[in-house]
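Close look at the chain arrangement
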Amino acid sequence: PLSTLSYWFKDVKLHPRFVKQLKRRNDFGLIKARVEAVKWHNAQKALRLKQAETDAEKTISRIDCDDIAIIELALALLYLGEGMKKSNTTAMGNSDPAILEFYVNALERLYSVPRTDMKCEIHLRADQDAAKIIRYWSSLLHIPRTNFCKPSIDKRTAGRPTYPHYKGVCIVRCSRVAIQRKLVYIATAFCNKLAEQQRAVS
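Conventions used here
- Residues numbered from 1 in each chain as written.
- Predicted model: local features only at pLDDT ≥ 70, side-chain atom pairs only at ≥ 80, totals over all residues.
- Heavy atoms only, no water.
- Helix = DSSP H or I, 4+ residues; strand = E, 2+ residues; numbered from the N terminus.
- Rg over C-alpha atoms; globule rule 2.2 N^0.38 Å.
- Buried < 20%, exposed > 50% of the residue type's maximum accessible area, 1.4 Å probe, protein only.
- Contact = heavy atoms within 4.5 Å.
- Areas by Shrake-Rupley, 256 points an atom, 1.4 Å probe, with all protein chains shown as cover.
- Lys, Arg positive; Asp, Glu negative; His and termini not counted.
- Charge placed at Lys NZ, Arg CZ, Asp CG, Glu CD.
- Core = buried A, V, L, I, M, F, W, Y, C linked by side-chain atoms within 4.5 Å.
- Phe/Tyr/Trp six-rings, centres within 6.5 Å; stacked < 30°, edge-to-face > 60°.
- Lys NZ or Arg CZ within 6 Å of the ring centre and 35° of its normal.
- Pairing = 2+ DSSP bridges.
- Axes fitted to C-alpha atoms, helices over the stretch in contact; angles between N-to-C directions.
- Disulfide = S-S within 2.5 Å.
- Polar contact = N/O pair within 3.5 Å; in protein donor to acceptor, adjacent residues only side chain to side chain.

Turning next to the overall build of the protein. Regarding its fold elements, the protein presents 6 helices and 4 strands. Ordering the α and β elements of the protein from the N terminus gives α-α-α-β-α-β-α-β-β-α. Scaling as 2.2 N^0.38, a compact globule of 202 residues should have a C-alpha radius of gyration of about 17 Å, whereas the protein reaches 28 Å, well beyond that. Dimensions along the principal axes, computed over C-alpha positions, put the protein at roughly 85 × 55 × 30 Å. For the protein, buried positions account for 24% of its 202 residues. Relative to all contacts within the protein whose residues are 6 or more apart in sequence, the contacts with residues 24 or more apart total 78%. When the accessible surface of the protein is split by element, carbon and sulfur atoms take 59% of a total near 14500 Å². Averaging the coordinates of the 35 positive side-chain charges in the protein and doing the same for the 20 negative ones gives two points 10 Å apart.

Here is the structure:
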């Protein structure tokens, strides 16, 4: 047993050359073990991500994505979390293209808001090309470039490079405040209804 060997040889003095050799072997073993640990953790993470994707697809398969009520509820919940509630417009800002695409598509589909009536403003970092970013958001959202106001530049970011995938924050507004009020009411009423149901069974 290792404990017995340790006891037997506890007073043995090794030559410095052997001590160095043992240390090198130990260090190499630690490095190798760390590399293998990283590989194992990455593989486990990949499995968890795949499982999450599979579970999400099962949920989506049970949802009728053409149901107007579901689309409006989804928009309302998104707006409650991300939309602007203290303004006299219906507006949402985000850096995620998928979120803003859904937002714009839903406004057009649910409330017949023409994209020509939507106004945009861009918030950028200091090293970003404003004209290029406006072209990106205009093309993605199908909103005319003339509907974009002068971009806001964050001068505090000067000297710090921006990740290539980051396209700034785009805020999309429409002047119909009634939509904002309806969305907030729908989301709040839905959350309250679920909370009441939970209290009733508790």
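Having seen the structure, we can now continue with the description.
Moving on, we get to the nonpolar core. Among the nonpolar cores identified, the biggest contains 31 residues, and Y103, W137, L141, C170 and V172 are the most heavily contacted of them. Elements that contribute at least two residues to this core include exactly helix 3 (68-82), helix 4 (97-111), strand 2 (119-125), helix 5 (130-141), strand 4 (169-174) and helix 6 (177-201). At 7 residues, the largest contribution of residues to this core is made by helix 4. Beyond its immediate chain neighbours, meaning those up to four positions away, C170 contacts M92, G93, N94, L100, C120, E121, I122, W137, L141 and F148.

Another point: the packing of aromatic side chains. In total, this model carries 1 aromatic pair according to the counting rule given. Here Y136 and W137 contribute two aromatic rings whose centre-to-centre distance is 5.2 Å and whose plane-to-plane angle is 80°, an arrangement assigned as edge-to-face. Here the basic side chain of R17 rests over the ring of F18, its NZ or CZ set 4.7 Å away from the ring centre. Above the face of the Y136 ring, K167 is positioned so that its terminal group lies 5.4 Å from the ring centre.

Our focus in this paragraph is the sheet that holds strand 2. Pairing is mixed in the open sheet, where 4 strands are placed in the order 1-4-2-3. Taken across any chain shown, the strands that pair with only one partner, and hence form the sheet edges, are strand 1 (90-94) and strand 3 (152-154). The average angle at which neighbouring strand axes cross in this sheet is 15°, direction not considered. In this structure, strand 1 lies alongside strand 4, joined through 5 bridges in antiparallel fashion. By the bridge assignment for strand 4, M92 is matched with V172.

Taken as a whole and judged by the stated rule, the model has 0 disulfides. Of all cysteine sulfurs in the structure, the one in C120 sits closest to C170, which takes part in no disulfide; the separation is 4.4 Å. Free of any disulfide, C174 has its nearest neighbouring cysteine sulfur in C120, separated by 11 Å.

With a phi angle near 55°, S112 is a residue other than glycine that sits in the positive phi range. Tracing the chain through its elements places S112 in the loop between helix 4 and strand 2. Positive phi is not limited to glycine here, since H142 has a value of about 60°. Under the relative-accessibility criterion, H142 is labelled exposed at 58%.

Another point: the pairing of strand 4. In this structure, strand 2 lies alongside strand 4, joined through 5 bridges in antiparallel fashion. Paired with C120 across the strands is V172, a residue of strand 4.

With that settled, the discussion passes to the side chain of T162. Here T162 shows up in the loop between strand 3 and strand 4. Here the side chain of T162 touches R125 through a polar contact of 2.7 Å, side chain to side chain. Within the structure, the side chain of T162 is placed 2.6 Å from the side chain of D127, a separation counted as a polar contact. Sequence-distant contacts of T162, that is, excluding residues within four places in its chain, are made with R125, D127 and Q128.

Functional significance is not addressed by these values, which are geometric in nature.
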